[in-house]
Amino acid sequence: MEAADIAFVVICAAMVMLMTPGLAFFYGGMIRVKSALNMLMMCFIAMGISSVLWVLYGWSLAFGTDVNGEGGGVFGNLDFVGFRGMLDLDNSPELLTIALFQLMFAVLTPALISGALAERVKFSAWVLFIAVWVSIVYFPVAHWVWGEGGWIGGLEIDGREVIDFAGGTAVHINAGIAALAVVLVIGKRIGFKKDSGMRPHNLPMVLLGAALLWFGWFGFNAGSELAANGTTALMALNTMVATGTAVLGWLIYERLRYGAYTTLGAASGAIGGLVAITPAGADVTPMGAMAIGLVSGAVCAWAVGLKYKLGYDDSLDVVGVHLVGGLIGTLMVGFLAIEVGGFAQFALQAIAAAAVLVYSFVVTLLLALAIKHTIGFRAEEDAELTGLDQVYHAESGYDFSQSGGGSAAGSAGVQAPAATQTGEKKVDA
């Protein structure tokens, strides 16, 4: 890597870091005011946990040489535990840059899961879940896809290889299916499908979070080239046009199905488009990127309503947006990829997606069950009803006593006026 490339990737890493606070705002605005701060903390804590584990052993498990030595394994060796020997290597500047960049992916991926569990899990259980999940799910899957000797990265059919430029499988499909596994274990929120007060409490916050995510995603996607070149430019352009088209696709679906264009739908559509273009953007034309964006916007808008029909409580639609969007991008690039698109490429993409789906779902389900039957995963009923902010953090997201709300409204923010109560998104958003 040239010095300019190192500088570029470090800047991209900083942009990706900003995505996790952006995700916190995006998720935090969509729930009820009484647990908004808890939602922010569920995202923010991932930055601390993943950073520490990445240095201790995560980088080595994900990007160390395959334990088999010849590839085909499921995780890297432990040569770089504690970053041992990293500073002594001739290419240490390049490796340290890549390690920093990939750390941000390890931070964001478990944070994505938090939106599905909003308002009803113990904070201590969530901390334990992140620590174990990144260790036994994210680090191995990242090695499969990107690590030296990883088996997904080494798959070939007729000379074709799996396309996952920036994390459709390792990040979005992985997080989306894990979210589904956990919500099946912890169950529904009290009042799910019955409480009309489960509405977003701060839509401007949601749009701010979506904007920060959109901005950071340029670093996420374009930075994955690890250089500043033509592929970087194509990926950045496709990131923009796919996301814009996805916003339109979601809003068109909303208008035809529900008769309105919602701001929540526009923000969610943007995230769906960003997710879908992540694996594909460096390998399709701008017109192909727009096709992926249009399909992801409309299909994700439809998919978020499945939780009401199927009865699983994915609070903030992690399954409907990240799992479905990740699958759309990973599979559509099989046909739309420049030069290599076709049934053979589609088959490769399907194998990779299926492998991550099965592994992540099974292991996450077992982990969630283990936590449930040991320290307990679900928050106490009283804590869920009164709000998690005061129970777990001894704070509130808003101080109503200083806005003329009176002492009752300002008593730790536990009981806010009815108009400010929040919760899950409407079916059409």
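Starting afresh in each chain, residues are numbered from 1 along the sequence in its written order. In keeping with the predicted nature of the model, local features appear solely for residues at pLDDT of at least 70, side-chain atom pairs appear and are counted solely at 80 or more, and the whole-chain, interface and lining totals rest on all residues. Side-chain numbers come from the whole structure's heavy atoms, not from hydrogens or water.

## What about the overall build of the protein?
Heads up, the condition is: In this description a helix means any DSSP run of H or I spanning at least four residues, a strand means any run of E spanning at least two, and both kinds are numbered starting from the N terminus. For a compact globule the rule gives 2.2 Å times the number of residues to the power 0.38, and the radius of gyration it is set against comes from C-alpha atoms. Accessible area is worked out with a 1.4 Å probe on protein chains only. A residue is then buried under 20% of its type maximum, exposed over 50%, and partly exposed in between.
When its secondary structure is counted, the protein shows 15 helices and two strands. Relative to the compact-globule value of 22 Å for 429 residues, the protein shows a C-alpha radius of gyration of 21 Å, a close match. Dimensions of the protein, computed from C-alpha atoms along their principal axes, come out at roughly 65 × 50 × 40 Å. Split into buried and exposed, the 429 residues of the protein put 57% on the buried side.

## Some thoughts on the packing of aromatic side chains
Convention followed: Within 6.5 Å between ring centres, the rings of Phe, Tyr and Trp (the latter by its six-membered ring) count as paired, and their orientation is classed by plane angle as stacked under 30 degrees, edge-to-face over 60, tilted in between.
What the rule picks out here adds up to 20 aromatic pairs. Measuring from centroid to centroid gives 5.5 Å for Trp217 and Phe220, while their planes differ by 55°, and the two rings are tilted. In this pair, Trp217 and Phe220 are both assigned in helix α6 (residues 203-222), three residues apart and thus about one turn of the helix distant. By relative accessible area, which is 0% here, Phe220 ends up buried. Aromatic ring contacts, followed pair by pair, group Trp54, Tyr57, Trp59, Phe63, Phe83, Tyr138 and Phe139 into a single cluster.

## Points about the side chain of Glu254
So the rule is basically this: The definition of a polar contact used here is a pair of N or O atoms within 3.5 Å, where within protein one atom must be able to donate a hydrogen and the other to accept one, and adjacent residues in sequence count solely through side-chain atom pairs.
With respect to the element layout, Glu254 can be found in helix α7 (residues 230-258). Side chain to side chain, Glu254 and Thr262 meet in a polar contact 2.7 Å long.

## Side note on the packing of helix α8 (residues 263-277) against helix α11 (residues 318-336)
Under the convention used in this document: Here the axes come from fitting lines to C-alpha atoms, over the contacting stretch only for helices, and the angles between their N-to-C directions go from 0 to 180 degrees. Roughly parallel refers to an angle under 35 degrees, roughly antiparallel to one over 145, roughly perpendicular to one between 65 and 115, and oblique to any angle outside these ranges. Working rule for handedness: look at the near helix, and if it is turned counterclockwise from the far one by less than a right angle, call the crossing left-handed; if clockwise, right-handed. Whether two residues are in contact is decided by their heavy atoms: any pair within 4.5 Å suffices. Amino acid classes used here: Ala, Val, Leu, Ile, Met, Phe, Trp, Tyr, Cys and Pro are nonpolar; Asp, Glu, Lys and Arg are charged; the rest, including Gly, are polar.
α11 packs onto α8 with a crossing angle of 40° between their chain directions and a minimal axis gap of 7 Å. The orientation of α8 with respect to α11, classified from their angle, is oblique. Relative to α11, α8 is oriented so that their crossing is right-handed. The segment α8 lies against α11, with Ser268, Ile271, Gly272, Val275 and Ala276 engaging Val321, His322, Gly325, Gly326 and Gly329. Considered class by class, the residues forming the contact of α8 with α11 number four nonpolar, six polar and no charged.

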